[in-house]
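# Observations on chain architecture
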Amino acid sequence: MKVVIVGAGPAGLITALNLLQRGIRPLVLEKGVEVKSKACSEGCSLQSLQQIPFRSEPYISRVLKGAKLVFPGDYASFVPKECAVLDRTDWLRGMAEDIRLKGGEIKLDSDVVDIDEHGLSLGNGEHIAYRVLIGADGPDSLIARYLGIKHKLVAASQYQLALDTSGMDYIEFHFDKRFGCGYPWIFPKVGVANVGIEGDFDTLDSFLRYRGLDKQTVVKKESGFIPGSGIGKLVRQNIALIGDAAAMPNPTSLGGLTPIICASQILVRNIDNLAAYEAEVKNHPMANPVLLKPRQTLMSFSSQDLANIGKFLAGFEYGVKPHPQLIKIAKYPSLLMKLHKLRTIYRAGIITEDYGW
Ligand SMILES: Cc1cc2nc3c(=O)[nH]c(=O)nc-3n(C[C@H](O)[C@H](O)[C@H](O)COP(=O)(O)OP(=O)(O)OC[C@H]3O[C@@H](n4cnc5c(N)ncnc54)[C@H](O)[C@@H]3O)c2cc1C
């Protein structure tokens, strides 16, 4: 069976590794002249990374204790689930090397510009036939467009800052309405941290000033798009989408790597029956519609509500310490009115915590 994968990002490479484990040698087409990371904060739960048939450990910059959820007033609660911050370009190159060693082929400088039912055309005029085509070509996917699918994208901005991160043991998400509609994040590596936001650089700069990070040296400045609309159509006949091309990032966390790792196992298991791939993904927690709600719901709270949520949850460790006694929420009458919203956010958080962000 000739399986052609378009895109040598995480989705394409992880799928290629899973195919090779099943004895199928794919051809991966990548438009770039080298395998390289796009803008990313490089975080992934350790549990997810361990499911790839590849040793990711040498490419991990830091293993952190989990996620710290920070509310106005610096009240924090914790998700104590180990996560890694990768050196993503090196990680992708390590996987590409492994694919070649195992008999897969990666063709660089191969921009797919046209598709029909049986083959692909490259920018240099070459035509390549396929039996199964996997579109792993990122948020602005040509293959998705060919299938008539369009995703809603959110823009994200990010700096890598030089920073003494020795005392930072968690990735941080900040829930604070002053910084637009998304929540800023800080992912510490060794000697640097990836600091980003859903939104523009002006908003990110105001977050840096607020955190006292605005004097740090900027090592890298990057921006990119994340499909935040949830998983849509995945398959037509012998063509399947995966990763950002399939709008797979978790809409609650915007993390794209864990859904790719889960979906690629499902895809390869069902490579002879792509309809079953679509059905299985749609039944997986990664496609749960509740994940679509928290970002907007959180932003519907006032700053005072967010501060009160922070106080209510202060010090709480999800899945470890007993739940804060609900009765104590009576101290915050405006939150009492919004218990159903809090419950939705909590449910999405539990799903995300369970299968990894
Ligand atoms: C600022 C930012 C921070 C993020 N942080 C995190 C994070 O910390 N953790 C996390 O889990 N997720 C994060 N994400 C999301 C994550 O980066 C993506 O979900 C992930 O990269 C998707 O992988 P992919 O392989 O589907 O697509 P991509 O990484 O976009 O790879 C697609 C590949 O396809 C190639 N390609 C595209 N078109 C063609 C074509 N026509 N022909 C040939 N090749 C083509 C591209 O060159 C590219 O190499 C972040 C995203 C952004 C923007």
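Residues numbered from 1 in each chain as written. Predicted model: local features only at pLDDT ≥ 70, side-chain atom pairs only at ≥ 80, totals over all residues. Heavy atoms only, no water.

### A short note on the overall build of the chain
Assigned secondary structure in the chain consists of 11 helices and 19 strands. Rg of the C-alpha trace for the chain: 21 Å, near the compact-globule value of 21 Å for 357 residues, within the 12% margin. For the chain, buried positions account for 56% of its 357 residues. Within the structure as shown, the chain displays about 15,500 Å² of accessible surface, and the carbon and sulfur contribution to it stands at 51%. For the chain, the centre of its 42 positive side-chain charges and the centre of its 37 negative side-chain charges are spaced 6 Å apart. (Helix = DSSP H or I, 4+ residues; strand = E, 2+ residues; numbered from the N terminus. Rg over C-alpha atoms; globule rule 2.2 N^0.38 Å. Buried < 20%, exposed > 50% of the residue type's maximum accessible area, 1.4 Å probe, protein only. Areas by Shrake-Rupley, 256 points an atom, 1.4 Å probe, with all protein chains shown as cover. Lys, Arg positive; Asp, Glu negative; His and termini not counted. Charge placed at Lys NZ, Arg CZ, Asp CG, Glu CD.)

### Let's talk about the site of the ligand
Around the ligand sit 36 residues, and of these Ala 11, Glu 30, Gly 43, Asp 244 and Leu 257 come closest. Within the complex, 92% of the 1,000 Å² of free accessible area of the ligand lies under protein. For the shell around the ligand, the secondary structure elements donating two or more residues are α1 (10-21), β13 (153-162), β17 (218-227) and α6 (257-269). For the shell around the ligand, the residue count by class is 17 nonpolar, 11 polar and eight charged. (Near = heavy atom within 4 Å. Nonpolar A, V, L, I, M, F, W, Y, C, P; charged D, E, K, R; others polar.)

### Some details on the side chain of Ser 110
Residue position: Ser 110 is located in the loop between β8 (105-107) and β9 (112-115). Not counting the four nearest positions on each side in its chain, Ser 110 is found in contact with Leu 29, Glu 30, Lys 31 and Leu 122. (Contact = heavy atoms within 4.5 Å.)

### Some details on the nonpolar core
Core analysis: the largest hydrophobic core is formed by 73 residues, its most contacted members being Trp 91 and Tyr 277. Domain assignment of the residues forming this core places at least three in each of domain 1 (3-38 + 86-151 + 229-289) and domain 2 (291-355). Not counting the four nearest positions on each side in its chain, Trp 91 is found in contact with Pro 10, Ile 14, Leu 49, Ile 52, Phe 54, Ser 56, Tyr 59, Leu 86 and Leu 257. Of all hydrophobic cores here, the second largest spans 32 residues; its members include Cys 83, Tyr 183, Leu 298 and Tyr 318. (Core = buried A, V, L, I, M, F, W, Y, C linked by side-chain atoms within 4.5 Å. Domains from an automatic or database assignment.)

### Let's talk about the layout of surface pockets
Its boundaries defined by the atoms lining it, the second largest pocket holds a volume of some 800 Å³. Lining the second largest pocket are 31 residues, with Leu 313, Tyr 318, Ile 345, Tyr 346 and Gly 349 positioned closest to its centre. Elements supplying a minimum of two residues to the lining of the second largest pocket: β5 (66-71), α8 (294-299), α9 (303-313) and α11 (339-355). For the lining of the second largest pocket, a count of residues per class yields 24 nonpolar, five polar and two charged. (1 Å grid on protein atoms, 1.4 Å probe; cavity = no way out; pocket = protein on both sides within 12 Å on 5 of 7 lines; lining within 4 Å. Points joined across faces, edges and corners; volume = space filled by probe spheres on them.)

### A closer look at the pairing of strand β4 (residues 60-64)
Extensive coverage of β4 is indicated by the burial of four of its five residues. Of the strand pairs in this sheet, β4 and strand β7 (residues 83-86) are connected by four bridges, and their pairing is antiparallel. Counterpart to Arg 62 in the pairing with β7 is Val 85. (Pairing = 2+ DSSP bridges.)

### Quick word on the domain arrangement of the chain
Looking at the assigned domains, one finds that the chain contains domain 1 (3-38 + 86-151 + 229-289) and domain 2 (291-355). Counting residues at the interface gives 15 residues for domain 1, matched by nine residues for domain 2. Together domain 1 and domain 2 conceal approximately 1,100 Å² of surface at their shared face, both sides included; 59% is due to carbon and sulfur atoms. At the junction of domain 1 with domain 2, the criterion picks out zero salt bridges. At the surface where domain 1 touches domain 2, the tally comes to six residue pairs in polar contact (both at pLDDT 80 or more). A per-class count over the side of domain 1 that touches domain 2 returns seven nonpolar, eight polar and no charged. (Buried area = accessible area lost by both parts, 1.4 Å probe. Salt bridge = Lys/Arg side-chain N within 4 Å of Asp/Glu carboxyl O. Polar contact = N/O pair within 3.5 Å; in protein donor to acceptor, adjacent residues only side chain to side chain.)

### A short note on the sheet that holds strand β3 (residues 43-45)
In sheet architecture, strand pairing relies on hydrogen bonds along the backbone and comes in two forms, parallel and antiparallel. Ordered by their spatial adjacency, three strands build an open sheet running β3-β7-β4, and the pairing between neighbours is antiparallel. With partners counted over all chains shown, the strands left at the sheet margins are β3 and β4, one partner each. Ignoring which end each strand starts from, the neighbouring axes of this sheet average 25° apart. On top of the sheet, α6 reaches β3 and β7; it is set at about 50° to β3, its chief contact. (Axes fitted to C-alpha atoms, helices over the stretch in contact; angles between N-to-C directions.)

### Structural notes on the packing of α1 against helix α3 (residues 88-101)
In the contact formed by α1 and α3, the axes pass within 10 Å of each other and the chain directions differ by 30°. With respect to α3, the axis of α1 lies roughly parallel. Relative to α3, α1 is oriented so that their crossing is left-handed. From α1, Pro 10, Leu 13, Ile 14, Ala 16, Leu 17 and Leu 20 reach across to α3, where they touch Arg 88, Trp 91, Leu 92, Met 95, Ala 96, Asp 98 and Ile 99. (Parallel < 35°, antiparallel > 145°, perpendicular 65-115°, else oblique. Left-handed = near helix turned anticlockwise from the far one by under 90°.)

### Description of the sheet that holds strand β2 (residues 27-29)
Read from one edge of the open sheet, six strands run β8-β2-β1-β12-β19-β18, paired in mixed fashion. Only two strands of the sheet have a single partner each, and these edge strands are β8 and β18 (235-236). Direction of pairing for strand β12 (residues 132-135) relative to strand β19 (residues 239-241): parallel, over a ladder of three bridges. Following the sheet pairing, Ile 134 is matched in β19 by Ala 240.

### Overview of the environment of Leu 254
Relative to the assigned elements, Leu 254 resides in the loop between β19 and α6. The exposure class of Leu 254 is buried, given its relative accessible area of 13%. In the structure, Leu 254 is positioned 186 residues away from Lys 68 in sequence and 16 Å away in space, judged by C-alpha atoms. Filtering out sequence-adjacent residues up to four positions away, Leu 254 remains in contact with Val 154, Glu 198, Ile 226, Gly 228, Pro 249 and Arg 295.

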